[in-house]
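Analysis of the macromolecular model
Chain by chain, the residues:
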Amino acid sequence: MSTFAFTLAWRQSSRFCHIRPIKHATSNVLSTKTSSVTGSIFERIPKEELAPKTRPRVRNREFLPGSTGDGFPEYLAEPSDSFPHGVRVKTRDQSSLLEMGANCMEYIKKNLTDRQAILFRGIPAETAEDFLALTQGMRGKPLSYEGGAVPRPKELKNSDIYFSSAEPGAYTIELHNEMPYLKTFPRKIFFFCLKEPGESCGGETPLAKCSDIVLKLDPEVVKKLEVKGVMYVRHLPDKSRSDYMPWQHQFYTEDRKAAEIRAQQRGNTVRWDDNGDMYLTYTAPAFPSHPATGEKIWFNQVTSYHCTYSKALPQYKGSHLPDEKYPHNTYYGDGSDIEPEVLQHLRAVSWSCAVGFRWKKGDLIALDNLNVQHGRMAFKGERKLLVHMTAD
Ligand SMILES: [Fe+2]
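Scoring rules and cut-offs
- Residues numbered from 1 in each chain as written.
- Predicted model: local features only at pLDDT ≥ 70, side-chain atom pairs only at ≥ 80, totals over all residues.
- Helix = DSSP H or I, 4+ residues; strand = E, 2+ residues; numbered from the N terminus.
- Buried ≥ 20, exposed ≤ 12 C-beta atoms within 10 Å, placed from the backbone.
- Pairing = 2+ DSSP bridges.
- Axes fitted to C-alpha atoms, helices over the stretch in contact; angles between N-to-C directions.
- Contact = placed C-beta atoms within 7 Å.
- Core = buried A, V, L, I, M, F, W, Y, C linked by C-beta atoms within 7 Å.
- Domains from an automatic or database assignment.
- Parallel < 35°, antiparallel > 145°, perpendicular 65-115°, else oblique.
- Left-handed = near helix turned anticlockwise from the far one by under 90°.
- Nonpolar A, V, L, I, M, F, W, Y, C, P; charged D, E, K, R; others polar.

The protein is annotated in an unreviewed UniProt entry as TauD/TfdA-like domain-containing protein of Pocillopora damicornis.

Our focus in this paragraph is the overall build of the protein. Counting secondary structure elements, the protein contains 11 helices and 15 strands. Out of the 392 residues belonging to the protein, those deemed buried represent 43%.

The strand order across the open sheet formed by 4 strands is β9-β10-β8-β11, and the pairing between neighbours is antiparallel. Every interior strand has two partners, whereas the edge strands, β9 (269–272) and β11 (328–332), have only one. For this sheet, the mean inter-axis angle between neighbouring strands, taken without regard to orientation, is 20°. Across 5 bridges, the pairing between strand β8 (residues 230–236) and β11 is antiparallel. The residue bridging R234 from the neighbouring strand is H328, located in β11.

With that out of the way, let us pick up the sheet that holds strand β15 (residues 384–390). The 7 strands lie next to each other as β1-β2-β3-β13-β6-β15-β4, forming an open sheet whose pairing is mixed. Whereas interior strands pair on both sides, the edge strands pair on one side only; in this sheet they are β1 (42–44) and β4 (162–163). Here strand β6 (residues 188–195) runs beside strand β13 (residues 364–368); their pairing, made up of 5 bridges, is antiparallel. Residue K188 lies in a different strand from β13, and its bridge partner there is D368. The strands touched by helix α4 (residues 97–115) within the sheet are β1, β2 (85–89), β3 (117–121) and β13, with β3 carrying the most contacts at an inclination of about 145°.

Attention now moves to unusual backbone geometry. Across the junction of F83 and P84, the peptide omega takes the value -10°, indicating a cis bond. If you trace the backbone, P84 turns up in the loop between α3 (47–50) and β2. Positioned with a positive phi, M179 is a non-glycine residue whose angle comes to about 60°. Residue placement: M179 occurs in the loop between β5 (173–176) and β6. Given 19 C-beta atoms within 10 Å, M179 falls into the partly exposed group.

Quick look at the nonpolar core now. Of all hydrophobic cores here, the largest spans 87 residues; its most connected members are I118 and F192. Ranked by residues supplied to this core, first place goes to α4 with 7 residues. When residues of this core are sorted by domain, at least three fall in each of domain 1 (42–66 + 75–201 + 359–390) and domain 2 (219–345). Beyond its immediate sequence surroundings of up to four residues, I118 is in contact with P84, H85, V87, Y107, I108, N111, L112, I365 and A366. Counting residues in each nonpolar core, the second largest holds 7 residues, with L236, W247, A263 and L280 among its members.

Let us now look at the pairing of β13. Most of β13 is tucked away: 5 of the 5 residues are buried. Residues of β13 alternate between two faces, with L364, A366 and D368 on one and I365 and L367 on the opposite face, all of them buried. By the bridge criterion, 4 bridges tie β3 to β13 in an arrangement that is antiparallel. Bridged to F120 within β13 is L364.

This next bit is on the packing of α4 against helix α5 (residues 128–138). Axis separation between α4 and α5 bottoms out at 6 Å; the angle between their running directions is 50°. One element, α4, and the other, α5, form an angle in the oblique class. In terms of crossing hand, the pair formed by α4 and α5 is right-handed. Touching L97, L98, E99, M100, G101, A102, C104 and M105 of α4 are D130, A133, L134, T135, Q136, G137 and M138, all from α5. Each residue belonging to the contact of α4 with α5 can be placed in one class, and the counts come to 9 nonpolar, 4 polar and 2 charged.

Okay, the environment of H388 next. Its place among the elements puts H388 in strand β15. Sequence spacing of H388 and Y162 is 226 residues, and the spatial spacing of their C-alpha atoms is 6.5 Å. Excluding its chain neighbours within four sequence positions, the residues that come into contact with H388 are T135, P142, D160, I161 and F190.

If a strand is regular, its side chains alternate between the two faces of the sheet. A large share of β3 lies buried, amounting to 5 of its 5 residues. Burial along β3 is two-sided: the residues A117, L119 and R121 and I118 and F120 are all buried. Relative to β3, β2 runs parallel, the two being bridged by 4 bridges. In the sheet register, R88 faces β3, and the bridge partner there is R121.

Turning our attention to the environment of N111. Relative to the helices and strands, N111 resides in helix α4. Classification of N111 as buried rests on a count of 20 C-beta atoms within 10 Å. For the pair N111 and H85, spaced 26 residues apart in sequence, the C-alpha separation works out to 9.3 Å. Excluding residues within four positions of it along the chain, N111 makes contact with H85 and I118.

Shown next as structure tokens:
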């Protein structure tokens, strides 16, 4: 049987026949919806306005695992006509940011299922407090980043407004769904641009539709991951040994038992080593069922959580740590190693499905976390994004 015939037969016989590209509404349908729903406060932005001035290089990119190997695209693709779906705020004649937030959410509720990523340009918010007011107007169920895998400090105390990532700007963050390694993960993610990077300074947010990724993956790779699932293993050092995300900071306690209980409540199995380091294990499907539709969805961090992501970073250059001593690692669900060629294939396919857009100050993007992966291109200079996540 030819590869193509096998692929077709497998897809037709598999549960993944559910996974198919999302049909997009036509622009006419959308404009009708827009005017009737929102009173026309938003208008479409042509894709050319979203495109970076210079297409970011992906192949042979510094600190990006797999980028010198097979299958990587030369450059990050530009936005398509519909992804991300860009709209501009036509009028700033809003009585408050609460009202603007409510308008955005109304638009999101009508369109995010089809569009999966909606960029609102020209939101009149200038500060983190403004962004908080905007999210309050959206009236979602805020979700904390507690248990998240990277440093993401709170921007405002007593709120769920975070600085998007404290990872150095020189690092390119691989495409991923947010927090699939925890029992509770966000359904929607909102990024807001307080400070845009300079025109040629990078910092684009790559986005890829999970359905596009699955359709391009080798069916045998998909099948193995579906059968075995993914094991996420986290290494949290004792604070006496490292100041990079020690377990005492992660759980806001000095008490081992208290930390253990908090980790178990989040679905983790806990192990300690003789040095006082903590290891958390969580096993999840690579293709969980969508909570609303029941469809199988590609929702995981197989690659960005794998130790090869850390190994590509300069701080680990020349270090020869055992894999479990890196901050996080993934295995198949039975604990066996994921083959290097599988990781390369997953990375190459993900990047070949990604598009990137250029941030402007006042941009808000809403992502359907269950159906879209996001990442970050490296950047120079200043760039400031805030993030807010919701459980609904
Ligand atoms: Fe993320």
